[in-house]
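Listed below, chain by chain, are the residues.
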Amino acid sequence: MNPSTAPQTAAQLASRFGLALQGDGHATVVGVSTLARARPDQLAFLANPRYRAQLAETAAGIVILRAQDAATYAGTALLADDPYSAFARIAALFDALDDVRPGIHPSAAIDASARIDPRAQIGPFTSVGPGSEIGADVIVGPGCAVGEDCVVGAGCRIGANVTLVKRVRLGKRVLIHPGAVLGADGFGLAMDGGRWIKVPQLGGVSVGDDCEIGANTTIDRGAMDDTVLEEDVRLDNQIQIGHNAYIGAHTAMAGCSAVAGSARIGRYCLIGGGAGVLGHLELCDRVVVTAMTLVTHSIREPGEYSSGTPLMDNHSWRKSAARFRQLDRLARRIGGPASAADDKDTE
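Residues numbered from 1 in each chain as written. Predicted model: local features only at pLDDT ≥ 70, side-chain atom pairs only at ≥ 80, totals over all residues. Heavy atoms only, no water.

Draft legend 1. A look at the overall build of the chain. Helix and strand counts for the chain stand at 6 helices and 39 strands. Along the first, second and third principal axes, the C-alpha set of the chain runs to 75 × 65 × 35 Å. Sorting the 347 residues of the chain into buried and exposed places 39% on the buried side. When contacts within the chain are restricted to residue pairs at least 6 apart in sequence, those whose partners lie at least 24 apart make up 19%. Put simply, the chain shows about 18800 Å² of open surface, and 54% of that area lies on carbon and sulfur atoms. Positive and negative side-chain charges of the chain, numbering 32 and 37 respectively, have mean locations separated by a distance of 5 Å. (Helix = DSSP H or I, 4+ residues; strand = E, 2+ residues; numbered from the N terminus. Buried < 20%, exposed > 50% of the residue type's maximum accessible area, 1.4 Å probe, protein only. Contact = heavy atoms within 4.5 Å. Areas by Shrake-Rupley, 256 points an atom, 1.4 Å probe, with all protein chains shown as cover. Lys, Arg positive; Asp, Glu negative; His and termini not counted. Charge placed at Lys NZ, Arg CZ, Asp CG, Glu CD.)

Draft legend 2. Representation of the pattern of salt bridges. A full pass over the atoms with the stated rule returns 13 salt bridges. Residues glutamate 133 and arginine 115 are paired through a salt bridge, measuring 3.2 Å at the closest nitrogen-oxygen approach. Placement of glutamate 133 in strand E13 (residues 133–134) and of arginine 115 in strand E10 (residues 115–116) is noted, with a sequence separation of 18 residues between them. By relative accessible area, which is 32% here, glutamate 133 ends up partly exposed. We classify arginine 115 as partly exposed; its relative accessible area is 44%. Between glutamate 282 and arginine 300 there is a salt bridge, with the nearest N and O atoms lying 3.7 Å from each other. Highlighted residues: glutamate 282 in strand E36 (residues 282–283) and arginine 300 in the loop between strand E38 (294–295) and strand E39 (303–305), separated in sequence by 18 residues. You can call glutamate 282 partly exposed: its relative accessible area is 40%. Classification of arginine 300 by relative accessible area gives exposed; the value is 58%. (Salt bridge = Lys/Arg side-chain N within 4 Å of Asp/Glu carboxyl O.)

Draft legend 3. Spatial organisation of the pairing of strand E15 (residues 145–148). Where strand E12 (residues 127–128) and E15 come together, 2 bridges link them in parallel fashion. In the strand pairing of E15, valine 128 is matched with valine 146. Strand direction decides the pairing type here: E15 and strand E18 (residues 163–166), joined by 3 bridges, are parallel. Its bridge partner being in E18, valine 146 is matched across the sheet by leucine 164. (Pairing = 2+ DSSP bridges.)

Draft legend 4. Representation of the pairing of strand E21 (residues 181–184) in the model. Across 2 bridges, the pairing between E18 and E21 is parallel. Counted as the bridge partner of threonine 163 is valine 181 from E21. Where E21 lies against strand E26 (residues 218–220), 3 bridges are found, and the strand directions are parallel. Each bridged residue has a counterpart across the sheet, and for leucine 182 the counterpart in E26 is isoleucine 219.

Draft legend 5. Here's a closer look at the nonpolar core. Formed by 49 residues in total, the largest nonpolar core has its most connected members in Leu164, Leu170, Ile176 and Leu182. When residues of this core are traced back to their parent elements, those giving at least two are strand E19 (168–170), strand E24 (205–207) and strand E37 (287–289). Not counting chain neighbours up to four residues away, the residues in contact with leucine 164 comprise Ala145, Val146, Gly147, Cys150, Val152, Ile158, Leu170, Ile176 and Leu182. Residues Ala14, Phe17, Leu78 and Ala91 belong to the second largest nonpolar core, which totals 18 residues. (Core = buried A, V, L, I, M, F, W, Y, C linked by side-chain atoms within 4.5 Å.)

Draft legend 6. Spotlight on the sheet that holds E15. Strand order across the open sheet formed by 10 strands is E9-E12-E15-E18-E21-E26-E29-E32-E35-E38, with parallel pairing between neighbours. Two strands in the sheet have a free side with no partner beyond their single neighbour: strand E9 (109–110) and E38.

Draft legend 7. Quick peek at the environment of isoleucine 64. Secondary-structure assignment places isoleucine 64 in strand E6 (residues 62–65). You can call isoleucine 64 buried: its relative accessible area is 0%. Residues isoleucine 64 and valine 295, spaced 231 residues apart in sequence, show a C-alpha to C-alpha distance of 38 Å. Excluding residues within four positions of it along the chain, isoleucine 64 makes contact with Leu43, Ala44, Phe45, Leu46, Leu78, Ala80, Pro83, Ala86, Phe87 and Ile90.

Written as structure tokens, this is what we have:
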């Protein structure tokens, strides 16, 4: 529990978050937990119907749930159309966020041309490069490297060992978890006389307000224009964003997914874990890409998209793979004149 957060009554929570109250308004909680493990001084929630059976047995002092579930619940409840989002807002009251302790640690290396707001906190063994700017109420954790010509907006939180390589612009309240690297060279190469030559990466990275970037995630700077994350983009751990990619506002991507260079992802998209988006493609707003899907062409219509084959035992998979190789021959044999059109569709 956050020591700065006083115990909360059901009546206080209902009033603060605009929720209907059922039961004892004096019921008091000091933290949160699951239905199965909650104590009488903790708050829990029911959002997934699969856990409805746990409602009768829970010891939670307060439960957030939908009105239809509350009809058979005798305990104290807060009624919400979306219990999960209501739980997220309330749980934030008990999240022990670090307070800003303004100042620059003696072991930090700050370039003479860098500008550090006096209300910022710069951790030990951190460096801030030429021309960079750190805003008010920022926490830069230990071992970070803020390179040349970077801007860290007010209220940002940068975890340990994060690197902002060059020309990175962070908006307000951006949260970056440990080990992330923003602004490294994009993968730009040109073949010349049988050898690769490097294409200079002269752009930067622009991150909007209220974004979150997971641990060990990498976002490459653009070749000429910036790689862009609009506001409220949420990236999980170990994600790769290629140079000049553009991620629309309120899009969320799960761990180990990847977006290749110059791809454009719309707003309110959801990208599942391990999914990949090839370069120079466009996804419209409100597209859901399920886990392990490979997006090989642009998506123009909102909806849910998947690729790949479901899990099966190895013997069955090998037989299916062998048959898959025969599909083109079989289609040509039974399709007749249509096969020419099929060839055109697959080009």
